[in-house]
Amino acid sequence: MPFGAWRDVLNMMDKSPGWKVSLDIEPESWSVLRQGDPEAFARIHKYLHGSTETSRMEIIGGSYSQPIFWAFSGESMIRQFETGLAVTRESFPDVPINTYAFQEPCVTSALPQILLSFGYKQAVLLNNLTAWGYVAEGPDAEVIK
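Residues numbered from 1 in each chain as written. Predicted model: local features only at pLDDT ≥ 70, side-chain atom pairs only at ≥ 80, totals over all residues. Heavy atoms only, no water.

**Q** Can you lay out the side chain of N98 for me, pointing to particular residues and giving the numbers?
**A** Tracing the backbone shows N98 in the loop between α4 (74-91) and β3 (99-102). Look at N98 and you get buried, because its relative accessible area is 18%. Residues in contact with N98, not counting those within four places in the same chain, are G119, Y120, K121 and Q122. (Helix = DSSP H or I, 4+ residues; strand = E, 2+ residues; numbered from the N terminus. Buried < 20%, exposed > 50% of the residue type's maximum accessible area, 1.4 Å probe, protein only. Contact = heavy atoms within 4.5 Å.)

**Q** Give me the packing of helix α2 (residues 27-36) against α4: which residues, what numbers.
**A** Remark: α2 packs on α4, axes separated minimally by 8 Å, with the N-to-C direction vectors making an angle of 20°. Between α2 and α4, the interaxial angle falls into the category roughly parallel. Relative to α4, the crossing made by α2 is left-handed. Every residue of α4 that contacts α2 at P27, E28, W30, S31 and R34 is listed here: G84, V87, T88, E90 and S91. Its residues assigned to classes, the contact of α2 with α4 comprises three nonpolar, four polar and three charged. (Axes fitted to C-alpha atoms, helices over the stretch in contact; angles between N-to-C directions. Parallel < 35°, antiparallel > 145°, perpendicular 65-115°, else oblique. Left-handed = near helix turned anticlockwise from the far one by under 90°. Nonpolar A, V, L, I, M, F, W, Y, C, P; charged D, E, K, R; others polar.)

**Q** Give me the lowdown on the nonpolar core, citing residues and values where you can.
**A** Grouped together as the largest cluster of nonpolar side chains are 26 residues, with contacts concentrated most on W30, I44 and F81. For this core, the secondary structure elements donating two or more residues are α1 (5-15), α2, α3 (38-48), β2 (57-59), α4, β3 and α5 (111-117). Broken down by element, this core gets its largest block of residues, five residues, from α3. Discounting chain neighbours no more than four positions away, the residues touching I44 are W6, L10, L23, W30, L33, M57 and F92. (Core = buried A, V, L, I, M, F, W, Y, C linked by side-chain atoms within 4.5 Å.)

Here is the structure:
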């Protein structure tokens with residue numbers, strides 16, 4: 001993300017106390033942010049703390065990149081999580097990562113067992129849009145009857 005982008009997000013979080021944000025960020029980005037903008041990193045860390053009910057940010061994901069699991073072998077999938085979670089925990093050692101959110105063609109039959117083995121409690125399907133931020137739209141009422 002460009003320098004200052006996190007400050008914009010965090011300033012809006014401060015102005016909007018009802019907001020809760022899920023962060024699907026590649027783990028190396030946290031290291032870059034911690035070095036390049038320690039103030040923003042500290043503010044994110046603050047928002048990540050608390051119980052599931054009280055924290056206002058949650059890290060979802062935790063894989064090292066955005067893998068296309070149907071094209072990987074099981075070992076590659078496991079390495080994605082093992083490496084991604086280790087790198088994320090270097091930045092946030094005490095922040096739980098309970099949710100894996102996946103998008104595009106990132107589904108495979110082995111995923112539930114792999115997620116459970118890494119301590120995930122839930123998984124979320126995201127829509128197919130790829131952008132900086134996206135909002136799931138409601139279903140088209142004309143299509144669903």
